[in-house]
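A structural walkthrough
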Amino acid sequence: MTADLRHVDTWLFDLDNTLYPADSGLMGEIERRMTAYVMRVTGLPRDEAYTLQKKYLADYGLTLGGLVEHHGVEPKDFHTIFHDMPLEGVAQDLELAAAIARLPGRRLIFTNADAFHAERVLEHMGLTELFDDIFDIGLANYVPKPAPATFARINEAHGIDPATTAFFEDSERNLAPAAALGMTTILVGPYALASTAAFIDYKTDKLAPFLAHAQLKEAA
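Computed from a predicted model, the values in this text were never measured in an experiment.

What to know about the overall build of the protein chain
Looking only at helices and strands, the protein chain features nine helices and eight strands. On C-alpha atoms alone, the protein chain measures out to a radius of gyration of 17 Å, which is about the 17 Å that the 2.2 N^0.38 rule sets for 220 residues. Projected onto its principal axes, the C-alpha coordinates of the protein chain cover approximately 60 × 35 × 30 Å. Going through the 220 residues of the protein chain one by one, you find that 49% of them count as buried. When contacts within the protein chain are restricted to residue pairs at least 6 apart in sequence, long-range pairs at least 24 apart make up 63% of them. Accessible surface, the protein chain: about 10,600 Å² in total, of which carbon and sulfur atoms supply 53%. Both charge centroids of the protein chain, one from 18 positive and one from 32 negative side chains, sit 2 Å from each other.

Next comes the structure, spelled out in structure tokens:
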């Protein structure tokens, strides 16, 4: 059964592990760099730094939140550790590009990463020209998804009507506030099909074919 998205004219996409597959290895490198940063800031050995990293992620929605709160880390300094990430594992996907290109209306990136990282990944994937804007963690005042305040900020910044918006994410919890606002929610990734969350409208393990076969609003 194809997804009925004929009501959608605003398309929100998470970036990491959503626009590119989780098996790219990029998120693993991101985690390794975060652990090394926590080691440097705290002086903890790797195992303890990793445990603290995950605790901050659970408590604040981002490791960065705990680093700012407890260690005085400057968010912009933290994000520079990802600015030279090797992107060879993230392949260009012509099927995905074509599927995104057919989506009517606005297409926005909605990410907990910073704009520099998002721009690099989009450029590497050949998707830059397909998106109208990037709403990054800086524009969210470093308050990450799934905070309702961050959804309020992007809605205000772009005049978003949740009733005509679809949001694509690999994180189930980040879709909950979107569903509460009335957005159409699509969970993406290798674990999506196993989700039983009532607030998920559609689930797909592969983004490109899902978009390619979705029912869309006809051009005026």
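Focus on the environment of L67
As for its position among the elements, L67 is in helix 3 (residues 63-71). Overall, the relative accessible area of 0% leaves L67 in the buried class. For the pair L67 and P86, spaced 19 residues apart in sequence, the C-alpha to C-alpha distance is 24 Å. Dropping the residues within four chain positions of it, L67 is found in contact with Y37, V38, Y56, G72, V73 and F78.

Quick look at the nonpolar core
Ranked by size, the top nonpolar core spans 51 residues in total, and within it F13, L19, L127, F168 and L211 carry the most contacts. In terms of residue count, helix 1 (residues 26-42) provides more of this core than any other element does, five residues in total. Ignoring anything within four residues of it in the chain, the contact list for L19 reads F13, D14, L96, I100, I109, L122, M125, L127, F131 and L207. Listed in part, the 16 residues of the second largest apolar core include F135, I154, I160 and L187.

What counts, and at which threshold
Residues numbered from 1 in each chain as written. Predicted model: local features only at pLDDT ≥ 70, side-chain atom pairs only at ≥ 80, totals over all residues. Heavy atoms only, no water. Helix = DSSP H or I, 4+ residues; strand = E, 2+ residues; numbered from the N terminus. Rg over C-alpha atoms; globule rule 2.2 N^0.38 Å. Buried < 20%, exposed > 50% of the residue type's maximum accessible area, 1.4 Å probe, protein only. Contact = heavy atoms within 4.5 Å. Areas by Shrake-Rupley, 256 points an atom, 1.4 Å probe, with all protein chains shown as cover. Lys, Arg positive; Asp, Glu negative; His and termini not counted. Charge placed at Lys NZ, Arg CZ, Asp CG, Glu CD. Core = buried A, V, L, I, M, F, W, Y, C linked by side-chain atoms within 4.5 Å.

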